[in-house]
Amino acid sequence: MSNSSPTDEPGPLLGAADIRELATALGVRPTKQRGQNFVIDANTVRRIVRTAEVRADDVVVEVGPGLGSLTLALLEAADRVTAVEIDDVLAAALPTTVEARLPGRADRFALVHSDAMLVRELPGPAPTALVANLPYNVAVPVLLHMLATFPTIDRTLVMVQSEVADRLAARPGNKVYGVPSVKANWYAEVKRAGAIGRNVFWPAPNVDSGLVSLVRREKPVETTASRAEVFAVVDAAFAQRRKTLRAALAGWAGSAAAAESALVAAGVSPQARGEALTVEEFARIAEHRPAPEGSAA
């Protein structure tokens with residue numbers, strides 16, 4: 001149960017009773033396959049919008065809107081909201097919910113019925129913010145895809161599984177620092193922005209959730225290497241995270257000796273491990289990848 005009194009919620013936002021009524025009418029049961037956990041507490045979605053610092057001129061993209069709990073709160077605060085939903089039934093129902101509960105804002109809402117990982121463009125003005133309760137099972141790839149595809153997204157606030165939030169916001173040297181930490185930091189300054197209990201969801205998950213704030217870097221990482229080249233180093237370094245970089249990057253460089261040469265040239269100790277490096281150091285290593293043997297100089 002939520003701490004608030006859902007049946008007494010004023011205004012257009014959805015409470016627990018509203019969510020269950022909508023779900024029953026649509027024949028919807030949240031599925032683990034799609035990582036669905038619907039927020040049933042209006043105070044929580046208000047808090048998310050407040051923490052995201054959504055402004056009246058923002059064009060917000062939301063991934064996985066479900067039955068519309070967060071969508072309605074975003075529509076109250078932003079200029080426009082575009083929701084990306086993969087589920088056929090939920091995608092069909094959401095515009096009706098918006099029209100019924102926020103008729104004066106319905107013309108500022110757009111729905112994209114698609115897998116978020118396949119989205120390459122959005123209708124209307126370019127998005128300025130991403131705010132979402134991301135499905136647990138695809139949270140990191142969806143987040144990274146959206147940041148890569150829509151460079152106009154300046155601010156992001158996502159709700160994810162607590163341990164995923166820890167990984168995204170981890171700093172070098174932290175035991176959970178890894179691929180998501182480095183790749184998210186390529187795009188943005190990342191920090192934990194709060195914790196969310198289990199009782200605000202239906203069904204209640206068996207894990208806690210966390211809010212992660214990402215503010216896009218004013219200046220990109222300075223490097224002559226491409227993002228793909230940098231991410232290739234990151235993936236290789238953490239594929240065998242217990243190994244030294246000399247060993248972990250042997251496949252990437254062509255040999256352990258070649259990896260050592262690249263590391264030394266980049267000013268990184270060959271005996272270091274990936275969890276100790278900043279995104280800037282990974283970029284320097286990428287710049288010094290040896291040319292494949294037999295290639296033209």
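Below is a short write-up of the structure.

Thresholds, definitions, all that
- Residues numbered from 1 in each chain as written.
- Predicted model: local features only at pLDDT ≥ 70, side-chain atom pairs only at ≥ 80, totals over all residues.
- Heavy atoms only, no water.
- Helix = DSSP H or I, 4+ residues; strand = E, 2+ residues; numbered from the N terminus.
- Buried < 20%, exposed > 50% of the residue type's maximum accessible area, 1.4 Å probe, protein only.
- Contact = heavy atoms within 4.5 Å.
- Areas by Shrake-Rupley, 256 points an atom, 1.4 Å probe, with all protein chains shown as cover.
- Phe/Tyr/Trp six-rings, centres within 6.5 Å; stacked < 30°, edge-to-face > 60°.
- Right-handed = clockwise from strand over helix to strand, strands pointing away.
- Pairing = 2+ DSSP bridges.
- Expected span 1.5 Å × (residues − 1).
- Core = buried A, V, L, I, M, F, W, Y, C linked by side-chain atoms within 4.5 Å.

Focus: the overall build of the chain
The helix and strand tally for the chain stands at 12 helices and 9 strands. Its C-alpha atoms give the chain principal-axis dimensions of about 65 × 40 × 30 Å. The 297 residues of the chain split such that 52% are buried. The long-range share in the chain, meaning contacts at least 24 apart out of those at least 6 apart in sequence, stands at 70%. Here the chain displays about 13,700 Å² of accessible surface, and carbon together with sulfur accounts for 51% of that area.

A word on the packing of aromatic side chains
This model, assessed by the stated rule, comprises 5 aromatic pairs. Here the aromatic rings of W186 and F231 are separated by 5.9 Å at their centres, their planes lie at 75 degrees, and the arrangement is edge-to-face. Taken together, the residues span a long stretch of sequence, with W186 in helix α7 (residues 179-187) and F231 in helix α8 (residues 227-239) at a distance of 45 residues. The same class applies to W186 as to F231, namely buried. The rings of Y177, F238 and F282 are connected pair by pair, giving a single aromatic cluster.

As for the pairing of strand β6 (residues 155-161)
Taken across its 7 residues, β6 has 7 buried, putting it largely inside the fold. Following the chain from strand β5 (residues 129-133) across helix α5 (residues 139-149) to the adjacent parallel β6, one finds a crossover that is right-handed. Pairing of β6 with strand β9 (residues 209-216), which is carried by 7 bridges, proceeds in the antiparallel orientation. Following the sheet pairing, Q161 is matched in β9 by S209.

Some points on α8
Look at α8: 18 Å from first C-alpha to last across 13 residues, which is about the 18 Å you get at 1.5 Å a residue. Taken residue by residue, α8 has V230, F231, V233, V234, A236, A237 and F238 as its buried positions. Looking at the packing, one finds that the buried side of α8 touches α7, α9 (245-248), α10 (250-253) and α12 (279-287).

Topic: the nonpolar core
Grouped together as the largest cluster of nonpolar side chains are 61 residues, with contacts concentrated most on L134, L214, V230, L249, F282 and I285. Ignoring anything within four residues of it in the chain, the contact list for L249 reads V233, A236, A237, A259, L263 and I285. One finds I40, V60, L74 and A83 within the second-largest nonpolar core, a separate group that totals 40 residues.

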